[in-house]
Structures are given as C-alpha cells and as structure tokens.
Amino acid sequence: MSVDLSQFIPSFLEESFEGLELMESSLLNLEQGDDETINSIFRAAHSIKGGAGTFGFEHVTEFTHLVETLLDEMRDGRRSIDQNDIELLLTSVDCMRLLIEAIRDDEECDTTKIDETSKLLTIALNSAGSVAATTNTAKTENEQVTSDSTAALWHIEFIPEHHLVQTGNDPILLFNALADLGELEVQAN
C-alpha cells in the first residue's frame, strides 16, 4: 500500500509561505547575540527544506540547504551576524518564495536570480568565520605595496575547521573566488 503524498502538498505550501514570512520579519530585526531569533529562522528554513525533500522538490531543497548552512554557522557562533549576510539571507528568502510560488502555480521559475544568489551564498560560506577574520587581520597587517608598483600583496592564512566539507562547503570554491580577484599563489603546510 502506497500513500499519495500529493494530497499533502497544499499543507506544505501553506507552511512554507508562513515560514518565509517568519524568516523575513525575523531577519529584519536580527542582531548579534539574538540566539532565539536565529534559531527560529533556522528552524523555518530547515522545515521548508525537509518538506521540499519529502515531495521531491529538489530545487527548493538544494537552494535552502545553502541558506540553512549559512544560518547554522551563525547560530553556533562560527560566523558573526553582519548586515551583508542579513541582506543576502533576505534575498535568499525572496528566491525561496519564487521557487515555492512556481510549485504552487505549477509553472517553471526563472532561475536567474536564484542562480546568482546561490553563487553568492556559496562564496559567503567559503569565506566564513575564521577565514573572514583572518582576511581582515591579513589586510591590516600584511598589505605590502612595492615601491615601483601600486599592486597590493595579501597574505591570507586559511585554516579550515575539521567539519568544513561535512557542512557542504568546498574550499576549492573559495580559492576560485580569490583567483577571480587576481593572481593567486597557494602554499600548503
């Protein structure tokens, strides 16, 4: 005996739209150290991702996984809450809404904004926490300008945490993003 899950899709959609509203309003009021709010935002994203996975809505699941990972880093202290991340998460909520509306309306969704936001989320995740702090430290302590050139040299020390890959992050994406900014030389210890 198999259960027809399609009968539960309207409930999933309704709960998803409620979760998106909660995420959006909470992000607008989010401040550093507000554990209760960041946990409620995370739970809403997690619930949407889980429901989407149950019904086979892979685009929603994959996109929301990135959002959930960023939120998870914020809630466990690996990442500070800053305005850039809040704005990225608000844009992500808009993208999730587009994906959910496409399911509701049984239409294809224009994925241009979603793809762009996915890339920004991936870059943010690969430059998170201690990497960002190290980059800022390196920026102030290690910038060298040669006397005959205006080129700046940066020394960035990257020490990934042991669970980096388990959270869906790929250090190669960080290196690729840095290489897009200029010449990159990597030395492994």
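A short tour of the structure in this document, coming up.

How each quantity is defined
Residues numbered from 1 in each chain as written. Predicted model: local features only at pLDDT ≥ 70, side-chain atom pairs only at ≥ 80, totals over all residues. Heavy atoms only, no water. Salt bridge = Lys/Arg side-chain N within 4 Å of Asp/Glu carboxyl O. Buried < 20%, exposed > 50% of the residue type's maximum accessible area, 1.4 Å probe, protein only. Phe/Tyr/Trp six-rings, centres within 6.5 Å; stacked < 30°, edge-to-face > 60°. Lys NZ or Arg CZ within 6 Å of the ring centre and 35° of its normal. Helix = DSSP H or I, 4+ residues; strand = E, 2+ residues; numbered from the N terminus. Contact = heavy atoms within 4.5 Å. Disulfide = S-S within 2.5 Å.

### Examining the pattern of salt bridges
So, step 1. Applying the stated criterion across every chain, the model contains 12 salt bridges.
So, step 2. In this structure, Arg-78 engages Asp-72 in a salt bridge whose closest nitrogen and oxygen atoms are separated by 3.3 Å.
So, step 3. What makes Arg-78 buried here is its relative accessible area of 16%.
So, step 4. One salt bridge connects Arg-78 with Asp-76, and the closest N-O pair in it is separated by 2.9 Å.

### Section: the packing of aromatic side chains
So, step 1. The full count for this structure, using the stated rule, is 3 aromatic pairs.
So, step 2. Ring centres of Phe-55 and Phe-57 lie 6.1 Å apart, and the angle between their planes is 35 degrees; on these two criteria the pair is classed as tilted.
So, step 3. Classification of Phe-57 as buried rests on a relative accessible area of 17%.
So, step 4. By the ring-pair criterion, three or more aromatic residues cluster together here, those being Phe-12, Phe-55 and Phe-57.
So, step 5. The side chain of Arg-75 reaches across the aromatic face of Phe-42, ending 3.7 Å from its centre.

### A short note on the environment of Leu-173
So, step 1. You can see Leu-173 is positioned in helix H7 (residues 171-181).
So, step 2. Looking at Leu-173, the relative accessible area reads 38%, which means it is partly exposed.
So, step 3. Sequence spacing of Leu-173 and Ile-123 is 50 residues, and the spatial spacing of their C-alpha atoms is 7.0 Å.
So, step 4. Residues in contact with Leu-173, not counting those within four places in the same chain, are Thr-122 and Asn-126.

### Side note on the state of the cysteines
So, step 1. One pass over the full model with this rule turns up 0 disulfides.
So, step 2. No disulfide involves Cys-95; its sulfur sits 8.3 Å from the nearest other cysteine sulfur, which is in Cys-109.

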